[in-house]
Amino acid sequence: MTQKPKVVIIGAGLAGLSLAMELVDEGFAVEILEANPYLGGRASDHVDRKTHDPVPIGPHVFVEWYNNLFHFLRKIGAEKLIAWEHRIFIELVHHGRHHKMRFYRLPAPLFLLPWIFLHPLMGWRDKFSNRQLLADIYFSSDEYIENLDKWNAVEYLQSMGVSPRCIEIFWGFIVLSLLNVPLQRCSAAEFAMLVKKWAHLKHRRFGFPKVGLGDVYADEAERYIKQHGGIVRRKMVVNRIIYN
């Protein structure tokens, strides 16, 4: 009997679990080593001690062009745990003031403008500082965007004349919600691709997990991997890798 080729994956975050599932489907003997007692990595959650509510520590907003992610969720039957919002993206509260960021029936890329110009926490100078940025991204080629990878998102926004307050209040929030990284660690190319992709969509909506973020997929992914012959080991810290 032919022995299955073995693959060891270090880390049981979203990438590690999804890779393991694809590999067990292809007939590999897969073993995952996770340092934490829980699975999910940054895309997981913890329970608040006072409210007992799940608090996500990773990306908690889904967008519908995450094709690979939804392929993964459908495979483990977790797609039903995403609630889609068509009217209100999120409600901001600042010093007792409430502001709802809504979806607007405007052609691309004009639907972004109400989010910026109706934002209550920025002045008009901050809002108008985005005009060069939006034009640069919307009319740019894919090759141009790829070349932005040498900068981070903050450097790119600053080069486009976006005000510091707008960078912090608006774009920092958007990027952290959708990409799970702070602007300083986000590639300018990735940032520009995110905005351009969103601007060109005809049907725009956001999804939110109905349960804790880690509860959406971690346990089901582990069960899927084990059912297909894989091994998942928790509290396994990898200190070094030795090559023969």
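This is a predicted model, so every value here is computed, not measured. (Residues numbered from 1 in each chain as written. Predicted model: local features only at pLDDT ≥ 70, side-chain atom pairs only at ≥ 80, totals over all residues. Heavy atoms only, no water.)

1. Some thoughts on the overall build of the protein chain
The criterion, for reference: Every helix listed is a DSSP run of H or I at least four residues long, and every strand listed is a run of E at least two residues long, numbered separately from the N terminus. Here the term buried applies to any residue with accessible area under 20% of the maximum for its type, exposed to any over 50%, and partly exposed to those in between, with areas from a 1.4 Å probe on protein chains only. Should any heavy atoms of two residues lie within 4.5 Å, those residues are counted as being in contact. The protein chains shown are the only cover counted for residues, whose accessible areas, like all others here, come from Shrake-Rupley with a 1.4 Å probe.
Along the backbone of the protein chain there are 10 helices and 10 strands. The burial tally for the protein chain puts 43% of its 244 residues in the buried class. Sequence-distant contacts, at least 24 apart, represent 64% of the contacts inside the protein chain between residues at least 6 apart. With an accessible surface of roughly 14600 Å², the protein chain has 54% of that area assigned to carbon and sulfur atoms.

2. A short note on the sheet that holds strand 5 (residues 62-63)
Definition in use: Should DSSP find at least two bridges between two strands, the strands are taken to pair.
Read across the open sheet, the three strands follow the order 5-9-6; overall the sheet is antiparallel. The open sheet has two free edges, formed respectively by strand 5 and strand 6 (82-85), since each of these has just one partner strand.

3. Section: the environment of S163
Mapped onto the elements of the fold, S163 is located in the loop between helix 7 (153-159) and helix 8 (164-179). For the pair S163 and F128, spaced 35 residues apart in sequence, the C-alpha to C-alpha distance is 9.0 Å. What S163 contacts, discounting residues up to four positions off in sequence, is D126 and S129.

4. Quick look at unusual backbone geometry
The phi angle at K235 is positive, at roughly 55°, despite the residue not being glycine. Counting through the fold element by element, K235 comes out in the segment after strand 10 (231-233). Given the relative accessible area of 61%, K235 is considered exposed.

5. Digging into the sheet that holds strand 10
Our working definition: Between N-to-C directions, angles span 0 to 180 degrees; the directions come from axes that are lines fitted to C-alpha atoms, helices contributing only their stretch in contact.
An order of 1-2-10 is seen for the three strands of this open sheet, with the pairing classed as parallel. With one partner strand each, in any of the chains shown, strand 1 (6-10) and strand 10 form the two edges of the open sheet. The average undirected angle you get between the axes of adjacent strands in this sheet is 15°. In this structure, strand 1 lies alongside strand 2 (residues 29-33), joined through five bridges in parallel fashion. Bridging from a neighbouring strand, V7 pairs with V30 of strand 2. The sheet strands contacting helix 1 (residues 14-25) are strand 1 and strand 2, and the helix crosses strand 2 at an angle near 165°.

6. Structural notes on the packing of aromatic side chains
Here is the rule we go by: Put simply, two rings from Phe, Tyr or Trp (the six-membered ring, in Trp's case) pair if the centres are within 6.5 Å, and we call them stacked under 30 degrees between planes, edge-to-face over 60, tilted for the rest. Here, a charge over a ring is recorded when the distance from Lys NZ or Arg CZ to the ring centre is within 6 Å and its angle to the ring normal is within 35 degrees.
In total, this model carries 10 aromatic pairs according to the counting rule given. For the pair F70 and W84, a centre-to-centre distance of 5.6 Å together with 40° between the ring planes defines the contact as tilted. Linking F70 in helix 2 (residues 67-75) with W84 in strand 6, this pair joins segments that are 14 residues apart in sequence. An angle of 65° between the planes, with centres 5.1 Å apart, marks the rings of F117 and F128 as edge-to-face. Here the residue F117 occupies a position in helix 3 (residues 112-117), and F128 occupies one in helix 4 (residues 124-128), the gap between them amounting to 11 residues. Aromatic ring contacts, followed pair by pair, group Y156, F170, W171 and F191 into a single cluster. Positioned above the aromatic ring of W124 is the side chain of K127, whose terminal nitrogen or guanidinium carbon lies 4.5 Å from the ring centre. Against the face of W151 rests K150, its NZ or CZ located 5.0 Å from the ring centre.

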